[in-house]
Amino acid sequence: MTTNQTDAERRDVAPRENVTDGLLLNAQQFSAWIRQGQIPPPDVDHALRCATYAAELGRALAPDLDLTDIDVTIVTVAALLHDVGYHRSARDHHRKTWDAVLRMRLDGLTWEEQRLAALAARFHGTDSPSIGHAGFEDLEFEEQRRCRRHVALVKLAVALDASHLGHVERVSIERRDGVPHVIAHANVESAVERDRLRDASHQYARITHRPLTSELRVTSTLATPDVRADTDAMPTAIESDEES
């Protein structure tokens, strides 16, 4: 596959699919994508957990971010493939992920959607897209805004399994005075997920200009009751990554 494939050519390859319905959220499809890109498989279980969280967060927060079902699909794919760059360089795997995803054949996505997924996957860590980053600087203003919102969701999804240990068993979202509140239901008090969720929540608010709060809540029957770590990600006077 070449990186200049047109949308028309892409649609001839495969019909439109909504991956968030579960079609692509399984190890068999993930492995197929890995083989197509000739990429050694990373942590498949971690990838599937992150993709599941991304789909759930995307559906719940799409109205807040003016996103569509297609955007949820892009975010889900980005979370699924966010670590594929490890096969080339662990130190620089974020940028290598961008290259790797662009070279994969992701049936069901147009070329532009695949490029947005590659960008969101690249910035799943602490960095955020800005002018000067390959692929991002070429986007129109509204597409840059859209990309930043994809990135914010992927950061949240990846934070929920930051330890790769599956401590967060499920995620739910409440509304508190109209503000979305993400609850990570965990089986242990995990400092890794707690801290990463706090940081990702702050990044979400800064990148999207939308309020968000979150908490890690230990809800397993084997855990000590009422042990939890709250994180407050309400927007503050932080320098913005996105123009208003």
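Criteria and thresholds
Residues numbered from 1 in each chain as written. Predicted model: local features only at pLDDT ≥ 70, side-chain atom pairs only at ≥ 80, totals over all residues. Heavy atoms only, no water. Helix = DSSP H or I, 4+ residues; strand = E, 2+ residues; numbered from the N terminus. Buried < 20%, exposed > 50% of the residue type's maximum accessible area, 1.4 Å probe, protein only. Contact = heavy atoms within 4.5 Å. Axes fitted to C-alpha atoms, helices over the stretch in contact; angles between N-to-C directions. Parallel < 35°, antiparallel > 145°, perpendicular 65-115°, else oblique. Left-handed = near helix turned anticlockwise from the far one by under 90°. Nonpolar A, V, L, I, M, F, W, Y, C, P; charged D, E, K, R; others polar. pLDDT = per-residue confidence, 0-100.

*Asks:* How should the overall build of the protein be read in this particular structure?
*Replies:* Scanning the protein from terminus to terminus reveals eight helices and four strands. Starting at the N terminus and ending at the C terminus, the protein contains elements arranged as α-α-α-α-α-α-α-β-β-α-β-β. Taken across its 244 residues, the protein has 53% of its residues classed as buried. Here the analysis covers contacts within the protein between residues at least 6 apart in sequence; of these, 68% occur between residues at least 24 apart.

*Asks:* For this particular structure, what's the right way to read the packing of helix H4 (residues 69-80) against helix H7 (residues 141-159)?
*Replies:* Two measures define how a pair of helices packs: the angle their axes make with one another and the distance between the axes. Direction vectors running N to C along H4 and H7 enclose 50°, while the axes themselves pass 9 Å from each other. With respect to H7, the element H4 is oriented oblique. The interaxial crossing formed by H4 with H7 has right-handed handedness. Here Ile70, Asp71, Ile74, Val75, Ala78 and Ala79 of H4 come into contact with H7, specifically with Arg146, His150, Leu153 and Val154. Along the lines of polarity and charge, the residues of the contact of H4 with H7 split into seven nonpolar, one polar and two charged.

*Asks:* It is not clear to me how the confidence of the model for the protein should be interpreted in this structure. Could you clarify?
*Replies:* The predicted coordinates of low-pLDDT regions are not to be read in fine detail. Across the protein, the average pLDDT comes to 77, with 64% of residues at 70 or higher. At the level of individual helices and strands, the protein shows its lowest average pLDDT in helix H1 (residues 7-13), which scores 38, and its highest in strand S2 (residues 179-186), which scores 97. Contacts from residues 1-24, a stretch scored under 50 in pLDDT, to residues over four places away or in other chains number 52 contacts.

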